[in-house]
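# Summary of structural features
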Amino acid sequence: MYLKGAINLDLTKLLPILAEGFLVSIKIFGLTLLFSIPLGFVVSALKMCKIPPIRWIINAYILIMRGTPLILQIMFIYFAPTMLFKADAPPDRFWAVIVAFSINYAAYFAEIFRGGIQAVPKGQFEAAQILGFSKMQTFFKITLPQVIKTVLPSIGNEVITLVKDTSLAQVIAVSELFALAKKQASTQFSVMPLFVAGVFYFVFNWLVTVLFDLGEKKLSYYK
Amino acid sequence: MAMLEVRNLRKCYGDLEVISDISFDVNEGEVLSVIGPSGSGKSTMLRCINQLERITSGTVCVCGENMITGEKNGEAVYASADVLKKIRRNVGLVFQNFNLFPHFSVLRNITEAPVSVLKIPREKAEEKAMELLGKMGLADKAKSYPCELSGGQQQRVSIARALALSPQMLFFDEPTSALDPELTGEILAVIKELAAEKMTMVIVTHEMAFARDVSDRVIFMDGGVIVEEGAPSELFGNTKNERTKQFLKRYSENTFKEDK
């Protein structure tokens, strides 16, 4: 029976369903990057700020985000409003996922950016200061380009992880790629839909890898 | 006319006093060399004058502008941001480690500040940069990146970068300390040329022979104070000061040993 199911797997029926789920996964992926990267920059700046209470809050935030499972954070964002704060209705599932992913990934990005900023030699800031650049000019012209070069490999790592992490959205029943593949697997008594989903993730991450390699190559004109 | 007036300059890190009560002048067109053992406060003094370190007390006056307006609770009070900006525009600093911007081409390293700080049109800034590069013998390197240049070439670019802002005076913080003896020569030649053009300069250096040849006046610092100040012929030729004598003697001994 299982074997029969595997052999009779109708790709023309399966692929459109999985493609639909993949679109949701891509949306989670894209929106998370859109929000978490700028947020990561803000968090890294706050973490390097000279006011201790702000640093403590940021440290606690990073500790919680990195110290607890993302799957739990997604559940918390979705269930907390009704269960803890007596809200009338739970938030939108999709946007609960985006919020959870964004604040989680921002914590990781913040630490990567901080490492990148601290890797810029002190002399660069001093030279910028001596030449009369304003703080904004120094950041955008001198610091940021050098930070991007340093952090690109680590960011690539996170982005690839994010592609696979989108599958966690199923925990609050968001119909992303893996959730739909699982559903298909159980209705068709076959593991093939899951493997096909795996191919989707793999091909997409291949593309991501190629893009990051290109980016690194483009920035390799200086040391 | 004194371009730079330093009075009773003091710099402390917590309880540690690294510069205690230094006063000196630099006149227009004058070349002043500052020599002394490592840790004597030479570089810190230069960094204080260039606003990279906060002064604990004392005054610094650059081209008639007072950097310090007074003292409050035992700490120097700085002039307004506008005045500090104005002072910054009058001076240039050449670093020991060049500190060129690695992601900019040689040309952009030189033009970026004139264009975005002084708002000079890019074409004009590039014209001047090419002229400066020509003077440094690096006209063919305009499109190169700093990592493609030798240390000596990088330092010449950083001198051009400082000159591109047309400073009234130029500071050098051990400009040859990161270079091997062969490359040192090319930097010293450039500084000599600037001296011949009557550029006002303060040079912190370990190159004794160079300090003797190029400077109008030499300051010997040790332990955060000026031990001796005078014409190079006096200081290097027949100093009466025991500490200076000892330093110069050890210096020539070490140089001699290296030669062997």
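Right above here is the structure, for reference.
Report follows, based on the coordinates.

Reading the values: the criteria
Residues numbered from 1 in each chain as written. Chains lettered and ligands numbered in written order. Predicted model: local features only at pLDDT ≥ 70, side-chain atom pairs only at ≥ 80, totals over all residues. Heavy atoms only, no water. Core = buried A, V, L, I, M, F, W, Y, C linked by side-chain atoms within 4.5 Å. Buried < 20%, exposed > 50% of the residue type's maximum accessible area, 1.4 Å probe, protein only. Helix = DSSP H or I, 4+ residues; strand = E, 2+ residues; numbered from the N terminus. Contact = heavy atoms within 4.5 Å. Buried area = accessible area lost by both parts, 1.4 Å probe. Salt bridge = Lys/Arg side-chain N within 4 Å of Asp/Glu carboxyl O. 1 Å grid on protein atoms, 1.4 Å probe; cavity = no way out; pocket = protein on both sides within 12 Å on 5 of 7 lines; lining within 4 Å. Points joined across faces, edges and corners; volume = space filled by probe spheres on them. Nonpolar A, V, L, I, M, F, W, Y, C, P; charged D, E, K, R; others polar. Pairing = 2+ DSSP bridges. Axes fitted to C-alpha atoms, helices over the stretch in contact; angles between N-to-C directions.

So, on to the nonpolar core. Residue and element names in this part refer to chain B. Counting 46 residues, the largest nonpolar core has Leu4, Phe24, Met45, Ile55, Phe171 and Val202 as its most contacted members. Sort the elements by how many residues they give to this core and strand S2 (residues 16-27) lands first, with 5 residues. Each residue touching Ile55, except ones within four places of it in the same chain, is listed here: Leu9, Arg10, Cys48, Val60, Met67, Ile68, Ala76 and Tyr78.

This brings us to unusual backbone geometry. Of note, the phi angle at Phe189 of chain A is positive, near 50°, even though the residue is not glycine. Along the chain, Phe189 of chain A turns up in the loop between helix H8 (177-188) and helix H9 (192-218). Despite not being glycine, Cys63 of chain B has its phi angle at roughly 50°, a positive value. Relative to the elements of secondary structure, Cys63 of chain B occurs in the loop between strand S4 (57-62) and strand S5 (65-66).

As a further point, take the interface of chain A and chain B. Facing 19 residues of chain A, the contacting portion of chain B comprises 22 residues. Of the roughly 2000 Å² buried where chain A meets chain B, counting both sides, 63% is carbon and sulfur surface. By the criterion of area lost to chain B, the three top residues of chain A are Ile130, Leu131 and Tyr221 of chain A, representing 33% of everything that side buries. Our count for the chain A to chain B interface comes out at 2 salt bridges.

Right, let's talk about empty space enclosed by the protein for a bit. Under the definition given, this model contains 4 cavities of 30 Å³ or more. In terms of lining, the largest cavity is formed by Ala127, Ile130 and Leu131 of chain A together with Leu93, Val94, Phe95, Phe98, Ser158, Arg161 and Ala162 of chain B. The set of elements that each furnish at least two residues to the lining of the largest cavity consists of helix H6 (122-130) of chain A together with strand S8 (91-94) and helix H5 (151-163) of chain B. When residues in the lining of the largest cavity are grouped by element, the largest group, 3 residues, is from H5 of chain B. By residue class, the composition of the lining of the largest cavity is 8 nonpolar, 1 polar and 1 charged. Space inside the second largest cavity adds up to approximately 40 Å³. Lining the second largest cavity, in full, are Ile130 and Leu131 of chain A together with Arg89, Val91, Gly92, Ala162, Leu165 and Pro167 of chain B. For the lining of the second largest cavity, a count of residues per class yields 6 nonpolar, 1 polar and 1 charged.

Quick look at the pattern of salt bridges now. Where charged atoms from two side chains of opposite charge approach closely, those side chains can pair. Applying the stated rule across the entire model yields 19 salt bridges over all chains. The shortest N-O distance in the salt bridge between Arg156 of chain B and Glu186 of chain B comes to 2.7 Å. One end of the pair, Arg156 of chain B, is in helix H5; the other, Glu186 of chain B, is in helix H6 (residues 181-196), with 30 residues separating them in the sequence. A single network of salt bridges, built from pairs that share partners, joins Lys47, Arg66, Glu111 and Arg114 of chain A.

Turning our attention to the sheet that holds S5 of chain B. Residues and elements named next belong to chain B. Across the sheet, 4 strands lie side by side as S2-S1-S4-S5; this open sheet has antiparallel pairing. In the strand order of this sheet, the two ends are held by S2 and S5, each with one partner. Most of the contacts of helix H1 (residues 42-49) go to strand S1 (residues 2-13), to which it runs at about 115°, and overall it touches S1, S2 and S4.

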